[in-house]
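Chain by chain, the residues run as shown.
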Amino acid sequence: MKENIIRGLSGVMYISILVVSIFASEFAFTTLFLLFGLICLRELQRLLHLKSYLGYFLLIGLFYIFSYMRWSPYGTSLLLLITIFVNLFLVKDLMLVNKIPLFEKKKYVIIIFYLIASLIFLTLIPSYTGDFTPELVVGIFSLIWINDTFAYLVGKNFGKKKLFERISPKKTVEGFMGGLVFSAVAAYLVYFFTGLLTIQVWIGLAVILSIFGTLGDLIQSKFKRQAGVKDSGRLMPGHGGLFDRLDSIIFSSPFVYAYLQLINYVS
């Protein structure tokens, strides 16, 4: 009982800080995720058995160039293409190899593109058209939370067929489908309350977040399994590390950003 209360309070505090920063200003939102990024980087380096300060300098420098200064649109597009390629390569490693090879150069590639660049695109999502729209990113976070919640509930109560047992024994196909369906249903509510985009675009976002959010969670689980730890950290009582809470949305963000840019281009 006490553990559930602590877990609930920890979750409420996390959500409150996130929502307040989003609606406060674009600078507050970006700065919060710069701070979150520093914490997640520390936790990821622990999983990769890497002790280096270089990653922190890279995170701050790249955030300054792409998230704060909004450097070159061409540079951002190039970063997006490389980030998507690296993330898809990690999906290949997830599916096809028993153990992700983690030599030193690859560790830095993972840090730069899997974590830092993905966080940068998360900060760029609410202003992908040029104007900061906090309701957009709140809607996206709502969909990922609903997907995670109902994937857990449906999987726990009705799950029989394992989704990826050797990496995450508790995940089931039924849970994944439950998360996807409820996330798609929630897309109607998000559209109704925000009035942004179209219902078709929101459903597309729900599908992308469900698929790539699940893949992101599995990839992080594989890193944890290889590191021999249960959680990425202990910052959030009852939840583990901050990276445990953000792994799905971090991995999904470049794909969400690319999707929104594509919709904006063709519309």
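In what follows, the structure referred to is the one given above.
Reading guide: rules and limits
Residues numbered from 1 in each chain as written. Predicted model: local features only at pLDDT ≥ 70, side-chain atom pairs only at ≥ 80, totals over all residues. Heavy atoms only, no water. Helix = DSSP H or I, 4+ residues; strand = E, 2+ residues; numbered from the N terminus. Rg over C-alpha atoms; globule rule 2.2 N^0.38 Å. Contact = heavy atoms within 4.5 Å. Areas by Shrake-Rupley, 256 points an atom, 1.4 Å probe, with all protein chains shown as cover. Lys, Arg positive; Asp, Glu negative; His and termini not counted. Charge placed at Lys NZ, Arg CZ, Asp CG, Glu CD. Axes fitted to C-alpha atoms, helices over the stretch in contact; angles between N-to-C directions. Parallel < 35°, antiparallel > 145°, perpendicular 65-115°, else oblique. Left-handed = near helix turned anticlockwise from the far one by under 90°. Nonpolar A, V, L, I, M, F, W, Y, C, P; charged D, E, K, R; others polar. Expected span 1.5 Å × (residues − 1). Buried < 20%, exposed > 50% of the residue type's maximum accessible area, 1.4 Å probe, protein only. Core = buried A, V, L, I, M, F, W, Y, C linked by side-chain atoms within 4.5 Å.

**Here we look at the overall build of the protein**
At step 1: Summing up its helical and strand segments, the protein has nine helices and two strands in all.
At step 2: Starting at the N terminus and walking to the C terminus, you meet the elements of the protein as α-α-α-α-α-α-β-β-α-α-α.
At step 3: Against the 2.2 N^0.38 benchmark of 18 Å for 267 residues, the protein shows a C-alpha radius of gyration of 18 Å, consistent with a compact globule.
At step 4: Overall, the protein is about 45 × 45 × 40 Å in size when its C-alpha atoms are taken along their principal axes.
At step 5: For the protein, restricting intrachain contacts to residue pairs at least 6 apart in sequence, the fraction spanning at least 24 positions comes to 75%.
At step 6: For the protein, the accessible surface area stands at approximately 13500 Å², while carbon and sulfur atoms represent 68% of it.
At step 7: One way to put it: in the protein the 24 positive side-chain charges average out to a point 9 Å from where the 14 negative ones average out.

**Quick word on the packing of helix 3 (residues 54-68) against helix 5 (residues 104-124)**
At step 1: Interaxial distance between helix 3 and helix 5 falls to 10 Å at its minimum, and their mutual angle equals 30 degrees. Overall, the two elements helix 3 and helix 5 adopt an arrangement that is roughly parallel. Considering only the axes of helix 3 and helix 5, their crossing is right-handed. Contacts between helix 3 and helix 5 involve Leu 54, Gly 55, Leu 58, Leu 59, Leu 62, Phe 63, Phe 66 and Ser 67 on the former and, on the latter, Tyr 108, Ile 111, Ile 112, Ile 116, Leu 119, Ile 120, Thr 123 and Leu 124.
At step 2: Considered class by class, the residues forming the contact of helix 3 with helix 5 number 13 nonpolar, three polar and no charged.

**Considerations on helix 7 (residues 173-194)**
At step 1: Here helix 7 contains 22 residues, and its C-alpha end-to-end distance of 31 Å stays within 8% of the 32 Å for a straight helix at 1.5 Å per residue.
At step 2: Among the residues making up helix 7, those that are buried are Gly 175, Phe 176, Gly 178, Gly 179, Leu 180, Ser 183, Ala 186, Ala 187 and Val 190.
At step 3: Contacts from the buried residues of helix 7 go to helix 6 (134-158), strand 1 (162-164), strand 2 (168-172) and helix 8 (199-227).
At step 4: Remark: Gly 195 follows helix 7 within two positions and exhibits a positive phi of approximately 70 degrees.

**Quick look at unusual backbone geometry**
At step 1: In this structure, Arg 70 takes a positive phi of about 50 degrees despite not being glycine.
At step 2: Counting through the fold element by element, Arg 70 comes out in the loop between helix 3 and helix 4 (73-96).
At step 3: One non-glycine residue, Leu 197, lies in positive phi territory at about 55 degrees.
At step 4: One can find Leu 197 in the loop between helix 7 and helix 8.

**Points about the nonpolar core**
At step 1: Membership of the largest hydrophobic core comes to 76 residues, with the highest contact counts inside it found for Phe 141, Phe 223 and Leu 246.
At step 2: Of the residues forming this core, the biggest block, 13 residues, is contributed by helix 5.
At step 3: With residues near it in sequence (within four places) discarded, Leu 246 still touches Tyr 14, Phe 33, Phe 36, Cys 40 and Phe 141.

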